[in-house]
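Read off the chains here:
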Amino acid sequence: MRGWTIPVVTALALLAGWGVAAPLSNAAPRPSIQHKLPARPLIALTFDDLPAHGPLPQGGDRLVIGKTIIAALAAHHAPAFGFMNASFGAGDPNAPKVLAAWRAAGLPIGNHTFGHVNLDTVGADAFLADVARNEPALSAVAGGADWHWFRYPFLVEGQSDTVREAVRAGLRDRGYRIAAVTMSFGDYAWNDAFARCTAHHDEPAIAALETSYLAAARTQAQRSRDLAQAALGHDIPYVLLMHLGAFDARMLPRLLNLYEQMGFGFTTLPAAEADPFYRAARDLTIPGPTATLEAAARAKNLPIPANAPVPAASVCA
Ligand SMILES: [Zn+2]
């Protein structure tokens, strides 16, 4: 319903208040339009596993990967949020420089746990301990910026209500909001395949990866819109999950062009999650899990479209 009701409210507000000549001080308070619908669908870009995601291809350099991604974001005036695992990049002298470059570009950073632990494997207590273990390094990198955003590794939020709510309570106590995911195309799988194909100097296979990466991104972006339209009746600001990997760096200029050609604009994670759809991600007093478009569709007995395929482990194996 929201897609229809808000424009009507906007029109009424214009008629009631903004169009009359009475001094503003005497006018009745305007209805607040908290969630003005954008003219075009929006994506908030998020990059996980900073400062080092996936295998480093032969001849690769983590700092070049990071700087290439930062430059593409800047060229498209696209905000992005990074999620850090302080144990990643250990022993790579470039890892701290990647984080420094990210922050120097004004890009915010949040918590993705210290060791990228799986909640289903380690349990709530060890999981929350790993969240806390990441904080000293994260807070140092963030400087004065707000780092209290959390992305679950593997998007695993717990199988039982008990575990899930224990972790939500722990995250709430530490002041976090959850970075939801409402758009993803499995970009990590291309980083793995790219490293293997680079080792084999298989240029035709790399060209095929470029094609399939953009095709999957297009399919999944449309899939998110289709799910939102079917389940909610309107677009939401989408939160895209990506990773700070070598192939993502190679493809990001073309990926951002693609999204723009599809009519998307870019927004920040906090702005996207101001949308009511993300209420349970912002307010951890509400029972989880974090809303997904798939769950919204399932709740209405709508079919869930298949995901676009990702490169098989056999590619360049
Ligand atoms: Zn991750």
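The structure this text deals with has already been given above.
About the cut-offs
Residues numbered from 1 in each chain as written. Predicted model: local features only at pLDDT ≥ 70, side-chain atom pairs only at ≥ 80, totals over all residues. Heavy atoms only, no water. Helix = DSSP H or I, 4+ residues; strand = E, 2+ residues; numbered from the N terminus. Expected span 1.5 Å × (residues − 1). Buried < 20%, exposed > 50% of the residue type's maximum accessible area, 1.4 Å probe, protein only. Contact = heavy atoms within 4.5 Å. Polar contact = N/O pair within 3.5 Å; in protein donor to acceptor, adjacent residues only side chain to side chain. Bend = angle between axes of the 7 residues up to and from the residue. Disulfide = S-S within 2.5 Å. Phe/Tyr/Trp six-rings, centres within 6.5 Å; stacked < 30°, edge-to-face > 60°. Lys NZ or Arg CZ within 6 Å of the ring centre and 35° of its normal.

Visitor: Can you lay out helix α2 (residues 62-75) for me, pointing to particular residues and giving the numbers?
Guide: Between its first and last C-alpha, α2 extends 20 Å over 14 residues, near the 20 Å set by a 1.5 Å rise per residue. What α2 keeps buried is the set Arg62, Leu63, Ile65, Gly66, Ile69, Ile70, Ala72 and Leu73. Contacts made by the buried residues of α2 are with β1 (42-50), β2 (80-84), α3 (95-104), β7 (238-243) and α9 (246-261). Capping the start of α2 is the job of one residue whose side-chain oxygen sits 2.7 Å from the backbone nitrogen of Leu63: Asp61.

Visitor: I'd like a description of α9, backed by residues and values.
Guide: Helix length check: α9, at 16 residues, gives a terminal C-alpha distance of 24 Å against a target of 22 Å (1.5 Å per residue), a fit within 8%. Along α9, the largest kink reaches about 55° and is centred on Leu252; proline Pro253 follows within four residues of it. Among all positions of α9, only Ala246, Phe247, Asp248, Ala249, Met251, Leu252, Leu255, Leu256, Leu258 and Tyr259 are buried.

Visitor: How would you sum up the state of the cysteines? Please name residues and give values.
Guide: Here, the word disulfide means a covalent bond between the sulfur atoms of two cysteines. Scanning all chains against the criterion turns up one disulfide. Paired by a disulfide, Cys197 and Cys316 hold their sulfur atoms 1.9 Å apart. The chirality of the disulfide connecting Cys197 with Cys316 is right-handed, given an S-S dihedral of about 100°. Placement of Cys197 in helix α7 (residues 188-199) and of Cys316 in the segment after α12 (293-299) is noted, with a sequence separation of 119 residues between them. The residues Cys197 and Cys316 share a single accessibility class, namely buried.

Visitor: Explain the packing of aromatic side chains to me, and be specific about the residues and the numbers.
Guide: Under the criterion given, the structure shown has 16 aromatic pairs. Between Tyr259 and Phe264, the ring centres sit 6.0 Å apart and the planes meet at 85°, which makes this aromatic pair edge-to-face. Side by side, Tyr259 and Phe264 carry an identical accessibility label, which is buried. Aromatic ring contacts, followed pair by pair, group Phe127, Trp147, Phe150, Tyr152 and Tyr176 into a single cluster. Lying across the ring of Phe264, Arg225 places its NZ or CZ 5.9 Å from the centre.

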